[in-house]
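Notes for the structure review
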Amino acid sequence: MGSLAACDNPAVTHHSFPAFGTNVRIEILDRDPGRTAAAVRDIESHFHTAEREWYAFGSGELARVNARLAKGQPATVSATLAPLITRAIELHARSGGLFDPGVCALVRLWQFDSETAVATANRPPPDAEILALRARQGNFADLRFDGHTLSASRPLCIDLGGMAKGTALERARRILDQFGIRNALIDIGGSSQLAIGQKGKRAWFIGLRDPRGNRVLSRLALAAGEAASTSGDYERGYTRDGRRYHHILDPRTGAPTTGSASVTVLAGDAELADAASTALMVAGPARFHEVSAALGISAALLVAPTGELLTTPEMAIRLGRDNNGRNP
Ligand code: ADP
Ligand code: MG
């Protein structure tokens, strides 16, 4: 972790730590190195709690909830996890079921539940196994939640992996606010970012990765308080017999999505941005505009597998503005 001696002119300090299976980078512009260090420590500690407690397949709270739901038993949920479940139910409905934490058991069947599982995966599951699993499982829409207790009439498993980094970023926003830090950029693995304030006189910028290469496709300035989320088919996955299988599943087919190479969403709320980028991967070009509108997203970019770009009108304007008029 970087630090600077106290000085009157604030300088940007850089901090990083591993979490969520990737590298978290934080840039902070603040006069007080003491509170900067304390805020980073708090964020790191919270991210480690989040990755443990909100992980569907480990030994944290969500895994314990899943163990009960798998046996058809009701599960009580802590006051910390409850708002995530409520939000997930809302976003599932608003996305027309494309953001679906109920893909949980399928994620495990496809061996996308951990980096270790992906590394040892050698083939996609046979269609018959996917069908059998879907027949056994309850739907996320059948989940009942009164704010404390979850129950489902058929066995179910909940995977919040498509949303939890956004939730963690919203928590980081509150932590920075409590420390009085007004200017910072938090970046989880280059795919989930939150901008607080500005980088001095300029906005915080992020780079959008070309899903089919290692270059930066274009740059985007984040407004103060704005979040970005990118989902892509190049993340966690494997290639067998020339076909790519990756970790975002289409709940309608039980198989990895095919319509999008990557999707980037900007929103005032990091949790919404995260869930929306996952939902739009499933939506694909055909339903890009409809699902963006349904989720209240005004700035989104979809890169199709062909390399074709789809943008909402606001995203088109911002990409042009932030890249000297050169659209990607
Ligand atoms: P990343 O985790 O790479 O940032 P996403 O935010 O798009 O990417 O989340 C992908 C994760 O969400 C998957 O690893 C899986 O756990 C879960 N997931 C997969 N498909 C869906 C889906 N259709 N709806 C909700 N969550 C999903
Ligand atoms: Mg997501």
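Residues numbered from 1 in each chain as written. Chains lettered and ligands numbered in written order. Predicted model: local features only at pLDDT ≥ 70, side-chain atom pairs only at ≥ 80, totals over all residues. Heavy atoms only, no water.

1. Observations concerning unusual backbone geometry
Outside of glycine, negative phi angles account for most residues, and trans bonds account for most peptide bonds. For clarity, the threshold we go by: Each helix is a run of DSSP H or I of at least 4 residues and each strand a run of E of at least 2, with the numbering of both proceeding from the N terminus. Relative accessible area decides the class of each residue, using a 1.4 Å probe on protein chains only: under 20% of the type maximum gives buried, over 50% gives exposed, and in between gives partly exposed.
At phenylalanine 20, a position not held by glycine, the phi torsion is positive, near 55°. Checked against the element boundaries, phenylalanine 20 lands in the loop between β1 (11–19) and β2 (22–30). A positive phi is found at asparagine 324, a non-glycine position, where the angle reads about 50°. Within the secondary structure, asparagine 324 sits in the segment after α9 (313–322). The class of asparagine 324 is exposed, set by a relative accessible area of 66%.

2. Comments concerning the state of the cysteines
Put simply, the test is: Cysteine sulfur atoms are paired as a disulfide whenever they come within 2.5 Å of each other.
For the structure shown, the criterion picks out 1 disulfide. Here cysteine 104 is linked by a disulfide to cysteine 157, with a sulfur-sulfur distance of 1.8 Å. Here cysteine 104, found in helix α4 (residues 104–109), pairs with cysteine 157, found in the loop between β5 (149–151) and α7 (164–178); they are 53 residues apart in sequence, far enough to count as distant.

3. Overview of the coordination of the magnesium ion (ligand 2)
Inclusion rule: Donor atoms (N, O, S) are those found within 2.8 Å of the metal centre, with the cutoff raised to 3.2 Å for Na, K and Ca; water is not part of the atom list, so apparent gaps in a site can occur.
Note on the magnesium ion (ligand 2): its protein donors are Gly162 (O), Asp274 (O), Asp274 (OD) and Thr278 (OG1). The metal-donor distances range over 1.9 to 2.4 Å. Donor residues binding the magnesium ion (ligand 2) come from one chain and are separated in sequence as G-x111-D-x3-T. With glycine 162 in the loop between β5 and α7 and aspartate 274 in helix α8 (residues 270–294), the pair connects residues that are 112 residues apart, well separated along the chain. Aspartate 274 carries the same exposure label as glycine 162, and that label is buried.

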